[in-house]
Amino acid sequence: MTSAKQRAAEAALAYLKPDTVLGVGTGSTVNFFIDALAAHRDRIPGAVSSSNASTERLKALGIPVLDLNDVGRISIYVDGADEADPGLHLIKGGGAALTREKIVAACADTFVCIADASKQVKALGRFPLPVEVIPMARRFVAAALRALGGDPRWREGVVTDNGNDILDVHGLAITDPVGLETQINQITGVVTVGLFAARRADVLLIGGEDEVLTLTA
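This write-up is about the structure you can find in this document. Since the structure is predicted, the reported quantities are computational estimates derived from the model, not experimental observations.

Next up on the list: the pattern of salt bridges. One pass over the structure, following the stated rule, counts 11 salt bridges. Across the pair Lys92 and Glu101 runs a salt bridge, and its minimum N-O distance is 3.2 Å. Lys92 gets classed as buried once you look at its relative accessible area, which sits at 3%. Across the pair Lys119 and Asp116 runs a salt bridge whose closest N-O atoms are separated by 3.5 Å. In terms of burial, Lys119 and Asp116 fall into one category: buried.

What follows is the structure in structure tokens.
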């Protein structure tokens, strides 16, 4: 039986451009997308991956994984989200790959987000906001996040692919996603915050029981 996540992932195949490099995100919904790429791998010269986990999955299918520095711009980036608001602003980072995801999204002409209906919210903030931090700055950054009204909690035992720590910020009312993204990114010691607002999704594919809802920015 096809799940809502799988429906959304397979719908993203329609946005592929033959013989062009694509960007691939991280997470359970993206895993369905990577699996679906198997039938199209002859038309895919390579992919830029946002995490070590996705890299291994792509390589297992025989899809070359390329260095973003050797590619530059990419035509399409497909990734999931932990939350998405009506303006297609996102919270990402539940899988601790937010920094690389944000870099690849910034280099993409089109960002296609795939998710199930549970990820849709009227306002971001129910899902704890991930912030990647330099380890020695974790306590300093946590104090700054508390000053913003949040309750930061160290995701103990988790080290990002970049060798950093994650603080999950609970209790934030995110009424201005772009403004808050800028504010948190300015805190010394922050690598990046899991708000994808300045570079939001261009297309949001929401998988349902029988169909896929398409929303555009």
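Back to the text.
This brings us to the sheet that holds strand β5 (residues 90–91). Note on sheets: strands pair through backbone hydrogen bonds, and any given pair is parallel or antiparallel. On the basis of which strands lie adjacent, the open sheet formed by 3 strands has the order β4-β5-β11 and antiparallel pairing. Single-partner strands in this sheet number two, and they are β4 (83–84) and β11 (195–196). Sheet topology note: the β4/β5 ladder contains 2 bridges and is antiparallel. By the bridge assignment for β5, Ala84 is matched with Leu90.

Our focus in this paragraph is the sheet that holds strand β1 (residues 22–24). Taking strand neighbours across the sheet as the criterion, the 6 strands line up as β2-β1-β3-β6-β12-β13 in an open arrangement whose pairing is mixed. Of all the strands in the sheet, just β2 (47–49) and β13 (212–216) have a single pairing partner and so form its edges. Strand-to-strand twist across the sheet, computed as the mean angle between neighbouring axes with direction ignored, equals 20 degrees. As paired elements, strand β6 (residues 108–116) and strand β12 (residues 203–207) share 5 bridges and run parallel to each other. By the bridge assignment, Ile114 is partnered in β12 with Leu205. Most of the contacts of helix α2 (residues 28–37) go to β1, to which it runs at about 140 degrees, and overall it touches β1, β3 (74–79) and β6.

A surface patch of nonpolar side chains, about 300 Å² in accessible area, is lined by Ile134, Met136 and Val191. The residue Val191 is located in strand β10 (residues 190–193) in this model. Overall, the relative accessible area of 32% leaves Val191 in the partly exposed class.

So, on to the packing of aromatic side chains. Using the criterion set out here, one finds 2 aromatic pairs in the structure. Residues Tyr77 and Phe111 carry aromatic rings whose centres are separated by 5.2 Å and whose planes lie at 40 degrees to one another, so their mutual orientation is tilted. Here the residue Tyr77 occupies a position in strand β3, and Phe111 occupies one in strand β6, the gap between them amounting to 34 residues. Side by side, Tyr77 and Phe111 carry an identical accessibility label, which is buried. Members of the aromatic cluster, joined through ring pairs, are Tyr77, Phe111 and Phe196. The ring of Trp154 has Arg138 sitting right over it, with the charged end atom 3.6 Å from the ring centre.

Bringing the state of the cysteines into the picture now. Across all of its chains, the model carries 0 disulfides by this definition. As a non-bridged cysteine, Cys107 has Cys113 as the owner of its nearest cysteine sulfur, 18 Å distant.

For any two helices packed against each other, one specifies the crossing angle of their axes together with the interaxial distance. Running from amino to carboxyl end, α2 crosses helix α3 (residues 52–60) at an angle of 20 degrees, the nearest separation of the two axes being 9 Å. What the angle tells us is that α2 and α3 run roughly parallel. Where α2 crosses over α3, the two elements pack in a sense that is right-handed. Across from Asn31, Ile34, Asp35 and Leu37 in α2, the residues of α3 making contact are Ser54, Arg57 and Leu58.

Buried residues dominate strand β7 (residues 129–133), accounting for 5 of its 5 residues. As judged from the 5 bridges shared by β7 and strand β9 (residues 165–170), these two strands associate in the antiparallel manner. Residue Leu129 lies in a different strand from β9, and its bridge partner there is Val169. One ladder, built from 3 bridges, connects β7 with β10; its direction is antiparallel. Considered in β10, the bridge of Val131 is made with Val193.

Here is what the cut-offs are and how they apply
Residues numbered from 1 in each chain as written. Predicted model: local features only at pLDDT ≥ 70, side-chain atom pairs only at ≥ 80, totals over all residues. Heavy atoms only, no water. Salt bridge = Lys/Arg side-chain N within 4 Å of Asp/Glu carboxyl O. Buried < 20%, exposed > 50% of the residue type's maximum accessible area, 1.4 Å probe, protein only. Pairing = 2+ DSSP bridges. Helix = DSSP H or I, 4+ residues; strand = E, 2+ residues; numbered from the N terminus. Axes fitted to C-alpha atoms, helices over the stretch in contact; angles between N-to-C directions. Contact = heavy atoms within 4.5 Å. Patch = residues over 30% accessible without salt bridge, like charges linked within 9 Å, V, L, I, M, F, W, Y side chains within 5 Å. Areas by Shrake-Rupley, 256 points an atom, 1.4 Å probe, with all protein chains shown as cover. Phe/Tyr/Trp six-rings, centres within 6.5 Å; stacked < 30°, edge-to-face > 60°. Lys NZ or Arg CZ within 6 Å of the ring centre and 35° of its normal. Disulfide = S-S within 2.5 Å. Parallel < 35°, antiparallel > 145°, perpendicular 65-115°, else oblique. Left-handed = near helix turned anticlockwise from the far one by under 90°.

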